[in-house]
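Listed below, chain by chain, are the residues.
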Amino acid sequence: MTLQQEIVGNAMQMAVVSLQPGQTVYCEAGKFLFKTTNVTMETRLGGPSSGGGQQSQSGGGGSGGMGGLLRQAMGTAMQAGQRALAGESLAFQYFTTQGGEGTVGFAGVLPGEMRALELDGTRAWFAEKDAFVAAESTVDFGIAFQGGRTGRSGGEGFVLEKFTGRGTVIIAGAGNFIDLNPADFGGRVEVDTGCVVAFEEGIRYGVQRVGGLNRQGVMNAVFGGEGLSLATLEGDGRVILQSLTIESLANALRKAQGGDKQGPTGGLFSTNAQ
C-alpha cells in the first residue's frame, strides 16, 4: 500500500501523511509536528531493521523464549549504539491509525525542501546524516560508514543513512534541491561535501583533494572556502544536492551575531569557535 503524503510549504516545508488502517509510519525523534486523535504514538529505541520497530508476533520455533528475547534486545542495543556513534537520535517514534484514516505531520530541522523517495526493493538509497524525516514501517533504516581514507577526509560523508526495503521514505535538506545524474555529465561530478543530500545505490561516493600541494592548491584551500576536499559522485543513478550547507548557515548566523571568526579568508582558516 503506497503511503499517501503531500509536501506543503516552500521555505520550510512539511510532510502531511494520510495513514490508512493497518499502515504504520515512523520518524526520528524531534521531527513530529502534529497528529489526529485517532493516531497512536509510541517511542522505541529500535528501527524496523533491528527488530525493535516491527517485532515478530509468532511464537514458534527457535526464535521464541528467552533466547529470542535476548537476540532481539542485543540487536536493538547494537543499532542504538551504532546510531549514537554516528551522532543520530537514539529513538524512533511510531504512528499507527486506529479505526479509520488518520493524519500525521512531519518536518525537518532546517529551512529547506523535503522529498518523498519511493523504494521498490531493488536499490537502496543513501542520505546525509540528519536527512531522514519519516518512513513507512516497510522501509529499513540503517547506518553506513564510509571507511578508511574517504570517510576521514569527507567530513559530512563519513556517516550516511541507508534505506532499504519497499515503501516511502521522506528526507529533508537545507535550501533548494537539484536532481542530477552523473552519467549526464561525463559520469562524474565534484561538489562541496556539505551539498550532498542523498543518492541511489550504484553511485560511487568518494573524496578528493582540492588541487595539489602547489600554490593554486593552497590558494583554493585557504581562500576558496572549501577546505582541502571535494566530494565526488560517479556512476549512473539519481543524486540530490542542496543549495545551502549547514556550515555556511552556521557561519552566516555567527556573522550576524558578531561572532564571525573567519576574517576575509574562510577555507582552512574557518573556525567553529562559539
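Residues numbered from 1 in each chain as written. Predicted model: local features only at pLDDT ≥ 70, side-chain atom pairs only at ≥ 80, totals over all residues. Heavy atoms only, no water.

S.K.: Report on the sheet that holds strand 1 (residues 4–8), specifying residues and quantitative values.
M.R.: Taking strand neighbours across the sheet as the criterion, the four strands line up as 1-2-7-4 in an open arrangement whose pairing is antiparallel. Each of the sheet's edge strands pairs with one partner strand only, and the pair in question is strand 1 and strand 4 (32–35). Put simply, the sheet's adjacent strands are angled 20 degrees from each other on average, direction ignored. Pairing geometry for strand 4 and strand 7 (residues 102–107), over three bridges, is antiparallel. Bridging across to strand 7, Phe32 finds its partner in Phe106. (Pairing = 2+ DSSP bridges. Helix = DSSP H or I, 4+ residues; strand = E, 2+ residues; numbered from the N terminus. Axes fitted to C-alpha atoms, helices over the stretch in contact; angles between N-to-C directions.)

S.K.: Would you mind going over the nonpolar core in detail, with residue names and values included?
M.R.: Membership of the largest hydrophobic core comes to 21 residues, with the highest contact counts inside it found for Tyr26, Phe132, Phe163, Val169 and Ile171. At the level of secondary structure, the elements contributing two or more residues to this core comprise strand 6 (92–97), strand 8 (114–120), strand 9 (125–128), strand 10 (132–136), strand 11 (139–145), strand 12 (159–172) and strand 15 (196–200). In terms of residue count, strand 12 provides more of this core than any other element does, four residues in total. Here Val169 is in contact with Arg115, Ala116, Leu117, Leu119, Phe132, Ala134, Ala135, Val139 and Phe163, once residues within four sequence places are set aside. With 15 residues, the next largest nonpolar core counts Ala15, Val17, Phe95 and Val104 among its residues. (Core = buried A, V, L, I, M, F, W, Y, C linked by side-chain atoms within 4.5 Å. Buried < 20%, exposed > 50% of the residue type's maximum accessible area, 1.4 Å probe, protein only. Contact = heavy atoms within 4.5 Å.)

S.K.: I'd like to hear about the confidence of the model for the chain, residue by residue, with values.
M.R.: Of all residues in the chain, 67% have pLDDT values of 70 or greater, and the mean over the chain is 79. Here residues 50–62 scores under 50 on pLDDT; set against residues more than four positions off or in separate chains, the count is 21 contacts. (pLDDT = per-residue confidence, 0-100.)

S.K.: Explain the pattern of salt bridges to me, using residue names and the numbers behind them.
M.R.: Under the definition given, this model contains six salt bridges. Measuring nitrogen to oxygen at the nearest pair gives 3.0 Å for the salt bridge that ties Glu200 to Arg123. Here Arg123 lies in the loop between strand 8 and strand 9 and Glu200 lies in strand 15, a separation of 77 residues in the sequence. Where Glu234 meets Arg188, a salt bridge forms, and the shortest distance between an N and an O atom there is 3.3 Å. Remark: Arg188 occurs in strand 14 (residues 188–191) and Glu234 occurs in strand 17 (residues 229–234); sequence separation between them is 46 residues. A relative accessible area of 24% means that Glu234 is categorised as partly exposed. When salt bridges that share partners are traced, they join Arg188, Glu190 and Glu234 into one network. (Salt bridge = Lys/Arg side-chain N within 4 Å of Asp/Glu carboxyl O.)

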